[in-house]
Amino acid sequence: MEDGGDEGMKGSTGGEGLKRQLTTGQLSMISMGMAIGTGLFLGSGLAVGASGPSVIISYAIGAFIVLLLMGCLAEMTVAHPTSGSFGTIADRYLHPMVGFLVRYSYWIAQVLGIGVEVSAIAVYMKYWFPSVPGIVWIIVFGAVLIYVNLTSVNAFGTFEYWFSMIKVSAIVGFILLGAYVLFGPTGQHHGGMNNLVSDGGFFPFGFKGMWIAVFISLFSFLGTELIAVTAGEAKDPDTAVPKALKATVFRLTVFYVLTMTIMLMIVPWSQAGIEESPFVKVMDYLNIPGASGIMNFIVLTAALSSMNGQLYASSRTMYSLSTERFAPVIFGKLNKKGVPTVALAVSTAGIIVAAVVSALMPGSSYAFMMGISMFGSLFTWLVIFVSHLFFRKRWEKAGGRKLPVKMLGFPYLTLLGGLLLLSLMITAWFTDFKIMLQFGVPWLVFLSLVYLLVKKKNHDVTPANKQHKDAV
């Protein structure tokens, strides 16, 4: 069994293909940028409202699931470093139909995720301009990031690296400031540990509330899988991808658990919400002059960074579908800088959706967009776990090259991750995020019918084309 190499990145147009320009540092920061977005800075308010202080455990469980996911993904991505990533892997080790479903589902998740981020941007801008309609900011910032993504992948990587650096620095600063406030000379003026057990105790909504918050916390971690998508444009995927995945999971776990703990120790959990970022509320609560404005700018940067990464992910996923003959050939065309411009254009649909939803549902657009965007990503995660079960067995049976990184505890930890994720997706039906399944299940049925039609249309695929597919 051979490594897919660069062959999988060739466009159907016969161009020179995507450029391998992304470094390990850029990969790590791109993934961090995707994961550290509105899920932490704004969506955390939903999780706290559902579970109270036990949200700390919720985020720890969510981080554990992601750790298992990244272990499986790292192993498979090193074997197949292509722009198709987990879609290509599902195609090869499960069934072509599964590969089709997962790539289109991941694409729609990123497209709708763009709408989530841009909806959050509209919320953040109200801090400074409360009278300006949110749709104005959706259009303005959407246009700016589309322009950024039209540049070379190296420029995109540089932009994302520094945007992510701002977020990481801000979180570190928040942790240090919070620790000083809680344990320094002014600590006695704030609730501290008492805030974690007062007002209903650590589990004010019981185990049910904590478990529901695990589901919400997963939204905060969505995007870590982007490293696998960027592998097709990484300079040295065998080394860069495993390093970036490990660093990302460790940093995210520390950042999320610590920041949530400090936030809840300073501000009573009952004051959390999504009218503004809980982090901004902390700054208001501490009454530090100008600090809340600075924090609002940082969370705005976080949303822009995540949106930027999602535009990248969605365009590359559509590009992959085109090279596999499951999308029009035109989506596989690259400009002189190696950017799939037509795929990028169609992937901006989320901005339009967000603008419409913001106009129709100005008070609840963020929660609605978050709900419908989650299905595609969580379905993708589930397929990654299932794919890994088949991948490892077939790889070892075929005597493939030794993998630089291997998932520990196979197959038990792979099964555990998949079962935990599946149970959380089922949990959504009994929560306010029921919209996820109401949207997701019909979406899969629709895609399945489309696949059968496309397969019938492409029934004359030659053995040479089939051999090309197997190569990637």
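Residues numbered from 1 in each chain as written. Predicted model: local features only at pLDDT ≥ 70, side-chain atom pairs only at ≥ 80, totals over all residues. Heavy atoms only, no water.

## Regarding the overall build of the protein chain
If you tally the helices and strands in the protein chain, you get 20 helices and zero strands. Expressed as a percentage of its 472 residues, the buried residues of the protein chain come to 60%. Restricting to contacts in the protein chain with at least 6 residues of sequence separation, those with at least 24 account for 83%. Summed over its atoms, the accessible surface of the protein chain is roughly 17800 Å², and 69% of this surface lies on carbon and sulfur atoms. (Helix = DSSP H or I, 4+ residues; strand = E, 2+ residues; numbered from the N terminus. Buried < 20%, exposed > 50% of the residue type's maximum accessible area, 1.4 Å probe, protein only. Contact = heavy atoms within 4.5 Å. Areas by Shrake-Rupley, 256 points an atom, 1.4 Å probe, with all protein chains shown as cover.)

## Here we look at unusual backbone geometry
Following Phe 410, the chain continues into Pro 411 via a peptide bond in cis, with omega recorded as 5 degrees. Its identity is not glycine, yet Asp 199 carries a phi of approximately 55 degrees, on the positive side. In this structure, Asp 199 sits in the loop between helix 9 (194-197) and helix 10 (206-221).

## Side note on the nonpolar core
In summary, soluble globular proteins display a tendency toward joint burial of nonpolar side chains. In this structure, Val 55, Tyr 104, Phe 215, Leu 378, Trp 381 and Met 436 are the most contacted members of the largest nonpolar core, which totals 136 residues. Looking at which element gives the most residues to this core, the answer is helix 6 (residues 96-125), with 17 residues. With sequence-adjacent residues up to four places away left out, Met 436 is seen in contact with Phe 215, Gly 371, Met 374, Phe 375, Leu 378, Met 425 and Ala 428. (Core = buried A, V, L, I, M, F, W, Y, C linked by side-chain atoms within 4.5 Å.)

## Describing the confidence of the model for the protein chain
Taken over all residues, the pLDDT of the protein chain has a mean of 78, while the share at 70 or more is 79%. By mean pLDDT, the top-scoring element of the protein chain is helix 18 (residues 412-427) (95), and the lowest-scoring one is helix 20 (residues 463-471) (44). Within the model, the stretch residues 1-16 combines pLDDT values under 50 with 49 contacts to residues more than four positions away or in other chains. Per-residue pLDDT stays below 50 along residues 461-472; that stretch engages in 20 contacts with residues further than four places along the chain or on separate chains. (pLDDT = per-residue confidence, 0-100.)

## A closer look at the side chain of Asn 296
Following the sequence through the fold, Asn 296 ends up in helix 14 (residues 291-323). A polar atom in the side chain of Asn 296 sits 2.9 Å from the backbone oxygen of Tyr 124. (Polar contact = N/O pair within 3.5 Å; in protein donor to acceptor, adjacent residues only side chain to side chain.)

## Observations concerning the pattern of salt bridges
All chains considered together, the criterion is met by four salt bridges. The partner of Asp 91 in a salt bridge is Arg 103, with the nearest N and O atoms 3.5 Å apart. Here Asp 91 is found in helix 5 (residues 86-93), whereas its partner Arg 103 is found in helix 6, with twelve residues between them in sequence. Relative accessible area serves as the criterion here: at 10%, Asp 91 is assigned to the buried category. Owing to a relative accessible area of 1%, Arg 103 belongs among the buried residues under this scheme. As a salt-bridge pair, Glu 396 and Arg 392 come within 3.7 Å of each other at their nearest N and O atoms. Of this pair, Glu 396 and Arg 392 both sit in helix 17 (residues 365-398), four residues apart, which is roughly one turn of that helix. Here the salt bridges share partners, and the residues they tie into one network are Glu 75, Arg 392, Glu 396 and Lys 406. (Salt bridge = Lys/Arg side-chain N within 4 Å of Asp/Glu carboxyl O.)

## Focus on the packing of helix 6 against helix 14
Relative to each other, helix 6 and helix 14 sit at 160 degrees, their axes nearing to 8 Å. As the angle between them shows, helix 6 and helix 14 are arranged roughly antiparallel. When you trace helix 6 past helix 14, the crossing you get is left-handed. (Axes fitted to C-alpha atoms, helices over the stretch in contact; angles between N-to-C directions. Parallel < 35°, antiparallel > 145°, perpendicular 65-115°, else oblique. Left-handed = near helix turned anticlockwise from the far one by under 90°.)

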